[in-house]
Amino acid sequence: MLPDDLKQKLKKEFEVLIDPVELLFKGDESKLSDEIEHLLKELASISEKIIYRQENKLKCYGYPCIGIKTTDIDPGIRFLGKPDEGEFPAFIKTILMVSRNEYDLTERTVEFLEELDRPVDIKVFITKSCGWCPPTMLKIFSFALVSNYITATAIDCYAFNKLAVKYNVAAVPKVVINNKVEFVGLKEENEILGYIFGAVGL
């Protein structure tokens, strides 16, 4: 359960929400799944602008998986694992970003992304103790928010260690784009843009 003081803090933060945000969830039979479902329901109880909904059609690389969208638009933002500890503040910021359609990208980058016309799949491997993971995750989520062609999935390495092994994650944050291009660490916005366009051959 979230502490009462944190709930009060979140209630104040959620006052700036604009569009309702749906927290979609597809779980499994694990204890982790139950914990995530409870957390999402708690968040939904704090603000009427946050809606919890089970979604068995949610497409992901594994389960339990969270999708964050508005009522009308699904920007392709996914989270694999339980967003707590060091990941929790970034998860809350993601809810605010999606509701307010606020992204941390320059207008120049947005203009380049408007030229994107091919699907881009981005995986961001993270851990709860990594200081560079939250800003990397939020930056990648910004790209997904801007472009309908980009799907971004944050993956907790410890909760999904088989995926981490499959993609040879030795350090985090590790970003994998279209299973072709990858990099480790927090990168500048223009570098990420270059990696995206390189992955799709533009």
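What comes next is a walk through the structure. Keep in mind the model is a prediction, meaning the values are calculated, not measured.

## Here's the deal with the side chain of Ser-99
Point 1. With respect to the helices and strands, the residue Ser-99 is situated in helix α3 (residues 88–100).
Point 2. On the accessibility criterion, Ser-99 (1% relative accessible area) is buried.
Point 3. Polar contacts involving the side chain of Ser-99 include one to the main-chain amide nitrogen of Ile-18, which spans 2.7 Å.
Point 4. With sequence-adjacent residues up to four places away left out, Ser-99 is seen in contact with Leu-17, Ile-18, Asp-19 and Val-21.

## Some words on the sheet that holds strand β2 (residues 50–54)
Hydrogen bonds between backbone atoms are what pair the strands of a sheet, whose relative direction is either parallel or antiparallel.
Point 1. Read from one edge of the open sheet, 8 strands run β2-β1-β3-β4-β6-β5-β7-β8, paired in mixed fashion. Strands with a single pairing partner mark the edges of an open sheet, and in this sheet they are β2 and β8 (181–184). When strand polarity is set aside, the average angle formed by the axes of neighbouring strands in this sheet is 20°.
Point 2. With 5 bridges joining them, strand β1 (residues 21–26) and β2 adopt parallel strand pairing. From the neighbouring strand, Leu-24 faces β2, where its bridge partner is Arg-53.

## Here we look at the state of the cysteines
Point 1. Across all of its chains, the model carries 2 disulfides by this definition.
Point 2. Bridging Cys-60 to Cys-65, the disulfide has an S-S length of 2.0 Å. Judged by the sign of its S-S torsion, about 40°, the bond between Cys-60 and Cys-65 is right-handed.
Point 3. What connects to what in the chain, once the bonded cysteines are numbered by sequence position, is 1-2, 3-4.
Point 4. No disulfide involves Cys-157; its sulfur sits 7.4 Å from that of Cys-133, the nearest cysteine.

## Observations concerning a negative patch on the surface
Point 1. Taken together, the side chains of Glu-107, Glu-111, Glu-114 and Glu-115 make up a negatively charged region of the molecular surface.
Point 2. Along the polypeptide, Glu-114 turns up in the loop between α4 (107–113) and β5 (120–126).
Point 3. For Glu-114, a relative accessible area of 63% corresponds to the exposed category.

## Considerations on the pairing of strand β7 (residues 174–177)
Point 1. Residues Lys-174 and Val-176 point to one face of β7 and Val-175 and Ile-177 to the other, with burial holding for every one of them.
Point 2. As paired strands, β5 and β7 are joined by 4 bridges and run antiparallel to one another. Residue pairing across strands places Lys-123 opposite Val-176, the latter belonging to β7.
Point 3. Bridge count between β7 and β8: 4 bridges; the pairing is antiparallel. Bridge pairing in β8 places Val-176 opposite Glu-182.
Point 4. Adjacent in sequence and paired antiparallel, β7 and β8 are bridged by 3 residues, among which Asn-178 carries a positive phi angle near 55°.

Calculation notes
Residues numbered from 1 in each chain as written. Predicted model: local features only at pLDDT ≥ 70, side-chain atom pairs only at ≥ 80, totals over all residues. Heavy atoms only, no water. Helix = DSSP H or I, 4+ residues; strand = E, 2+ residues; numbered from the N terminus. Buried < 20%, exposed > 50% of the residue type's maximum accessible area, 1.4 Å probe, protein only. Polar contact = N/O pair within 3.5 Å; in protein donor to acceptor, adjacent residues only side chain to side chain. Contact = heavy atoms within 4.5 Å. Pairing = 2+ DSSP bridges. Axes fitted to C-alpha atoms, helices over the stretch in contact; angles between N-to-C directions. Disulfide = S-S within 2.5 Å. Patch = residues over 30% accessible without salt bridge, like charges linked within 9 Å, V, L, I, M, F, W, Y side chains within 5 Å. Areas by Shrake-Rupley, 256 points an atom, 1.4 Å probe, with all protein chains shown as cover. Salt bridge = Lys/Arg side-chain N within 4 Å of Asp/Glu carboxyl O. Lys, Arg positive; Asp, Glu negative; His and termini not counted. Charge placed at Lys NZ, Arg CZ, Asp CG, Glu CD.

None of this, on its own, says anything about what the molecule does.
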